[in-house]
Amino acid sequence: MIIHIILLFLFLIDKTLATMAAFALIPSQVPGAKHIRRPAKLNAKEDNILQTTNIMETDSDSAGDEVVYSPPQVVSSSASVTSTTSSTSSNKRRRKKITIPRTGNLPDINWRAISMTHLRAHPNFQPLPPPSMIDTLHVRYFRQESWQWDYLHVGRCTTSQASAALGFLEPKAASFLGIPKSLQRGGAGAWNRLSQTVPENEQSLEAMEQILCEGRSSSPTSIDIEDVVGWRPGSKEADKLWIPASRIRDRPFPFTAKYRPNLTIEDLYERKLHLQHHNNQPNPMKVRMSWGNSQEATSVLTALNYFCGIDECTVIHEVGMCGSRYDDMEDEMNGVKIGATPDALIHYADGTVEVLEVKNHCPFVLNKQQIPSRSNNGSKYRKKKKGGKKKKQSSKKEDDNHQHRDRDADGIPKSYLIRDFQLEQRVPPVYIPQLMMEMYCTGDNCNAATMVRQTATKGAILLRLRRCEHWIEEMKYFLGKFQTDFVKTGQCPNDNFFWSDDSNSRYRKFLQSTKDLSESVEQVAFVEHSKIQRMVLERGAGRHMNDVPLFLDRVYMDEE
């Protein structure tokens, strides 16, 4: 009996020592313990998660880590296989994050753009016919890229010249309106345009019809004007480009129609070769203009998806020049011929019409010139500062990061940077004459204009400007005055024409009403960047469909 008691006592001592030895281990040696490094600062969500987890506070043995203790669990072999398979599948689905370069030498002005040719086949877009089909004079039917549309600009004050003819781009008026210096210019361009004349033998309607209507002489059969209005691409062509959302059954589709063509790596590489061959020197103005032209149809599509998504009976119409005297508009401005070409017209189901104008904010800006300098650390670049002072040179590490960010592989400074344009709920004053003239030229049934301001990185904003008859009357008055004071006299306008230091003058009141209109616009909608319909990269190209770089410098580099 005594022997049994002694053996039991020794057994208990052994268990106690084993337990003490176990707790003498550092936390990382405890079975089932996992280390979690505590962040310097937790947000509310992270803090809540940690508070609901069984966390053991430890001493210096944990090297400042927190330890979560989980008792070891016995898992069957089948469950272990399932867990491993699930983890592998999850890793396959997890794609590597791709960093889109924000500097480069070769900006892609056609970045993910949908062409006007393809937009004309959209089921909710009413296109204009090819000029060769038009055999009856109706200038609104001539597309913007046609030679007829260019011909109609001769001697005409269009929206591109309206702000200049109104004196808005002169230094004092521009400063009053807040128009940037990059857009300021004198009235000489508008004066030259309005001074142009059409030969007398081409001024009659019969002569204009003979000149402009290609269908009159080239078409074997006459085409009724109703057929011209209802013209659109064939169904086979349209089906190759668009699938209406109503025919997509598997899930709700975010746009009015699915765009079928995809962008390929080969397409991007061809653009790169083209730019390398033709773009030897950076030309920011050319890049800016080209971006606006190439992205126009994509911005029109943004408006189409919004308005037609609200009411499927809404149709977006392509339109040519409106308001010319060939459309029987009365000439009321001392002989000034005017004309305006909106980017499209929004036709609602109730018969009302709204002007659509799009502005694409170019993301590419010229990189500031870098000045090379030699030092013990090798070649460095520093920026000029006003007053001739030089920027303090950075450390070696900072300079290496700067070189990686702003130079190419050869150490040459990159030409362009990406600008994230912040959208505002306003129409800049410089665009007020354009929108008002478009509403006036479109007709009395047009009482509003919608402007789409679209960016490459920050989405798009849709703004609505209401028609103001008083402002239009003032516009007509000052355009007529420009015609009388300068065009008819043959005298080129001087600087700050129309400007008056008297704040109660008619012109100063006109400028003030322009500023007020700029701030009075209403926001129709904001479209997030991810919800703008653009061309996507084909599947299997080594990238996610939406990961298309704005610069073409590194095309093929990641794939090779």
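Every value quoted in this text rests on a predicted model; they were computed, and no experiment measured them.

**Student:** Even after reading the chapter, I still don't get the overall build of the protein, so can you show me in this structure?
**Tutor:** Within the protein one finds 19 helices and 19 strands. Contacts in the protein between residues far apart in sequence, at least 24 positions, make up 76% of those at least 6 positions apart. Roughly 31800 Å² of accessible area belongs to the protein as shown, and the carbon and sulfur atoms make up 52% of that amount.

**Student:** Would you explain the packing of helix α8 (residues 188–195) against helix α18 (residues 469–487) in this entry?
**Tutor:** To describe two helices that pack against each other, one gives the angle between their axes and the distance between the axes. It is the contact of α8 with α18, at a shortest axis distance of 11 Å, that shows an interaxial angle of 85 degrees. Considering their axes alone, α8 and α18 lie roughly perpendicular with respect to each other. In this structure, α8 uses A190, W191, L194 and S195 to contact α18, whose residues at the interface are F482, Q483, F486 and V487.

**Student:** Can you walk me through the pairing of strand β12 (residues 353–360) in this structure?
**Tutor:** Within a regular strand, the side chains alternate between the two sheet faces. In terms of burial, β12 is a largely internal element, 8 of the 8 residues being buried. Neither face of β12 is left uncovered, since the one carrying V353, V355, E357 and K359 and the one carrying E354, L356, V358 and N360 both have all their residues buried. Two strands pair when backbone bridges link them, and strand β11 (residues 344–347) and β12 are joined in this way by 4 bridges, in the antiparallel orientation. Note that in β12 the partner of A344 across the bridge is L356. Here β11 folds back onto β12 in antiparallel fashion, the turn holding 5 residues, of which G351 has a positive phi close to 95 degrees.

**Student:** So what exactly am I meant to see when it comes to the environment of Q523 here?
**Tutor:** Assignment of secondary structure puts Q523 in strand β19 (residues 522–527). The partly exposed category is assigned to Q523, whose relative accessible area is 37%. Sequence-wise, Q523 and L465 are 58 residues apart; in three dimensions their C-alpha atoms are separated by 9.3 Å.

**Student:** Got a minute to help me understand helix α14 (residues 284–294) in this structure?
**Tutor:** For an α-helix, 3.6 residues make a turn, and residues three or four places apart therefore share a direction. Turning to α14, its buried residues number three or more, namely V287, W291, G292 and S294. Elements that come into contact with the buried residues of α14 comprise α15 (296–310), β12, β13 (364–366) and β16 (416–418).

**Student:** Quick question: what am I supposed to make of the pattern of salt bridges here?
**Tutor:** Oppositely charged side chains are able to pair whenever their charged atoms sit close together. Scanning all chains against the criterion turns up 16 salt bridges. Put simply, E469 and R467 hold a salt bridge, and the shortest N to O gap is 2.8 Å. You can call R467 buried: its relative accessible area is 14%. When salt bridges with common partners are traced through the structure, they connect E354, R464, R466 and E522 into a single cluster.

**Student:** Sorry if this is basic, but what is going on with the sheet that holds strand β5 (residues 125–126) here?
**Tutor:** Strand pairing within a sheet occurs via backbone hydrogen bonds; the two strands may be parallel or antiparallel. Taken in spatial order, the 7 strands line up as β5-β9-β11-β12-β17-β18-β19 in an open sheet, and their pairing is mixed. Both edges of this open sheet fall to β5 and β19, since each of them pairs with a single strand only. Across the sheet, helix α17 (residues 432–442) touches β11, β12, β17 (446–454) and β18 (460–466), and the angle it forms with β12 is around 150 degrees.

**Student:** Explanation requested: α8 in the structure shown.
**Tutor:** Listed in full, the buried residues belonging to α8 are A190, W191, R193 and L194. Looking straight down α8, one finds that the buried residues subtend no more than 165 degrees of arc, so they occupy a single side. Contacts from the buried residues of α8 go to β6 (157–158), α6 (159–165) and α18.

Reading the values: the criteria
Residues numbered from 1 in each chain as written. Predicted model: local features only at pLDDT ≥ 70, side-chain atom pairs only at ≥ 80, totals over all residues. Heavy atoms only, no water. Helix = DSSP H or I, 4+ residues; strand = E, 2+ residues; numbered from the N terminus. Contact = heavy atoms within 4.5 Å. Areas by Shrake-Rupley, 256 points an atom, 1.4 Å probe, with all protein chains shown as cover. Axes fitted to C-alpha atoms, helices over the stretch in contact; angles between N-to-C directions. Parallel < 35°, antiparallel > 145°, perpendicular 65-115°, else oblique. Buried < 20%, exposed > 50% of the residue type's maximum accessible area, 1.4 Å probe, protein only. Pairing = 2+ DSSP bridges. Salt bridge = Lys/Arg side-chain N within 4 Å of Asp/Glu carboxyl O. Arc of directions from axis to C-beta.

Everything listed here is a matter of coordinates, which is why it stays silent on function.
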